Amino acid sequence: MKAPRSLPTTPLLRSLTPRSYRQQCLRLNPAQCRTFLRPRRQNHRAVENLNLNRMRSESYEYHIKRRNFLLCGAISGIIAICYTTYLISVELRKPKKFDSGLPDKLDPFSTEAGSKRKTIIHDKDGRELVPTGNSTVPTFPRTLDLAIGAGEGQERVNGVEYTLVGLGVRTVSFLGIQVYMVGYYIATADIAAIQSRLVKEINPIASTLIPSEKDELRAALLDPVRGERLWTDILREARPRSLFRVVPVKDTDFHHLRDGFVRAITGRAQGRNAEFGDEAFGEAMREFRGLFNRGKVPKKKEMLLCRDADGTLTITFDDGKTGMGTIGRVREERLSRLLWLNYLAGSKVASEPARANIVEGIMEFVERPVGTVATQVI
């Protein structure tokens, strides 16, 4: 069957076409409609050129950048968490001070007379420590429990508690080279005897000293002549059990320590032949020298010079391997007394910072009634 042919569009046929049919054709083909003032519009069709390779490349780059950004954020977060954890662990390892709520202008570490109290801190196990100000040996224990110097009864079982009085650093040469930290400890039970002797020196009828009297006692202890007389009387008469804790801040040896101790003892005995020129004292010096015929003393290793109530000197040392062991003893009271005076009194002492700090510790004793220190925290 043949398709119907379209009629030719001539002016004559258009004139014969019904009006309604022409209007319907114009409505169906608006693009073909034009007026006298508007030109005929062109029929444009949007054409989009799609580049699949470019789209794939842009999508890949976007996801790569997004992945890298998220990865950097995750790594930064992990680093921040690790660093914060490290800072917290460092702070937790530091000993903490436990201070009560005091007025802002009140220094909790000052006494009524203005002297500085020892700063007591606690480690993670609750042990009381005293800062030294030295980076190699940062703290000293506030108390030591030892069997050395133990008397009869319960002390034989529990040992003797020694309380730190003061500490300082020993330096040599004009360069101020630090050799060791030294601390002076007194048996807690024997502090009352020292309190009584020092208080009676300033005020014979008092049981404690007021600030002005404490200043007088401080001046007396720092005076080369009067201070040596006071400490000599205490070591001879009161005879408190005490010790010096020596901890090197650098590697040294026993011979170096021995030379310093021997020079101090012989320097104070020189010119006093009537008191120290006998054969017994000379033999004690030879015995003392022989105790130090040893090797190295590594830094941070503890040596104790202990003086009991009879004046016997006992030397112990912790080598870090076998623990604290006794090196030897010297039973001559005069030798240990001169060695003690090398740190406590005179015109020249082994450590001036230690002597000054010990004096401030004594000030803490005499501001309390005699016999009460043993039951209180210093």
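This text follows the structure it describes.
Quick word on the sheet that holds strand E1 (residues 121–122)
The pairing of strands in a sheet comes from backbone hydrogen bonds and takes either a parallel or an antiparallel form.
And step 1. Taken in spatial order, the three strands line up as E1-E2-E3 in an open sheet, and their pairing is antiparallel. The open sheet has two edge strands, E1 and strand E3 (139–141), and neither has a second partner.
And step 2. As judged from the two bridges shared by E1 and strand E2 (residues 128–131), these two strands associate in the antiparallel manner. Note on E2: the bridge partner recorded for Ile121 is Leu129.

Let's talk about the nonpolar core
And step 1. Membership of the largest hydrophobic core comes to 59 residues, with the highest contact counts inside it found for Phe288, Leu305 and Ile362.
And step 2. Look past the residues within four positions of Leu305 in its chain and what remains in contact with it is Ser242, Leu243, Phe244, Val246, Phe261, Leu313, Thr314, Ile315, Leu339 and Trp340.
And step 3. Within the second largest apolar cluster, 19 residues are counted, among which are Val130, Leu167, Leu243 and Leu304.

What to know about the packing of aromatic side chains
And step 1. Following the criterion strictly, the structure yields ten aromatic pairs and no others.
And step 2. Ring geometry for Phe261 against Phe288: centres 6.4 Å apart, planes inclined by 55°, an arrangement best described as tilted. Here the residue Phe261 occupies a position in helix H8 (residues 254–269), and Phe288 occupies one in helix H10 (residues 279–290), the gap between them amounting to 27 residues.
And step 3. In this structure Phe261 comes out as buried when scored by relative accessible area, which is 2%.
And step 4. Of the aromatic side chains, those joined through ring pairs into one cluster are Tyr184, Trp231, Phe244, Trp340 and Tyr343.

As for the side chain of Arg307
And step 1. By secondary structure assignment, the location of Arg307 is in strand E10 (residues 303–307).
And step 2. Using a relative accessible area of 1% as the deciding quantity, one classes Arg307 as buried.
And step 3. At 2.5 Å, the side chain of Arg307 forms a polar contact with the side chain of Glu333.
And step 4. Leaving out residues up to four positions away in the same chain, Arg307 has contacts with Leu235, Pro240, Arg241, Ser242, Thr312, Glu333, Ser336, Arg337 and Trp340.

Observations regarding unusual backbone geometry
Glycine aside, the phi torsion of most residues is negative, and most peptide linkages are trans.
And step 1. Although it is not a glycine, Arg239 sits at a positive phi angle of roughly 50°.
And step 2. On the accessibility criterion, Arg239 (31% relative accessible area) is partly exposed.
And step 3. A positive phi is found at Lys300, a non-glycine position, where the angle reads about 75°.
And step 4. Tracing the chain through its elements places Lys300 in the loop between strand E9 (296–297) and E10.

Reading guide: rules and limits
- Residues numbered from 1 in each chain as written.
- Predicted model: local features only at pLDDT ≥ 70, side-chain atom pairs only at ≥ 80, totals over all residues.
- Heavy atoms only, no water.
- Pairing = 2+ DSSP bridges.
- Helix = DSSP H or I, 4+ residues; strand = E, 2+ residues; numbered from the N terminus.
- Core = buried A, V, L, I, M, F, W, Y, C linked by side-chain atoms within 4.5 Å.
- Buried < 20%, exposed > 50% of the residue type's maximum accessible area, 1.4 Å probe, protein only.
- Contact = heavy atoms within 4.5 Å.
- Phe/Tyr/Trp six-rings, centres within 6.5 Å; stacked < 30°, edge-to-face > 60°.
- Polar contact = N/O pair within 3.5 Å; in protein donor to acceptor, adjacent residues only side chain to side chain.

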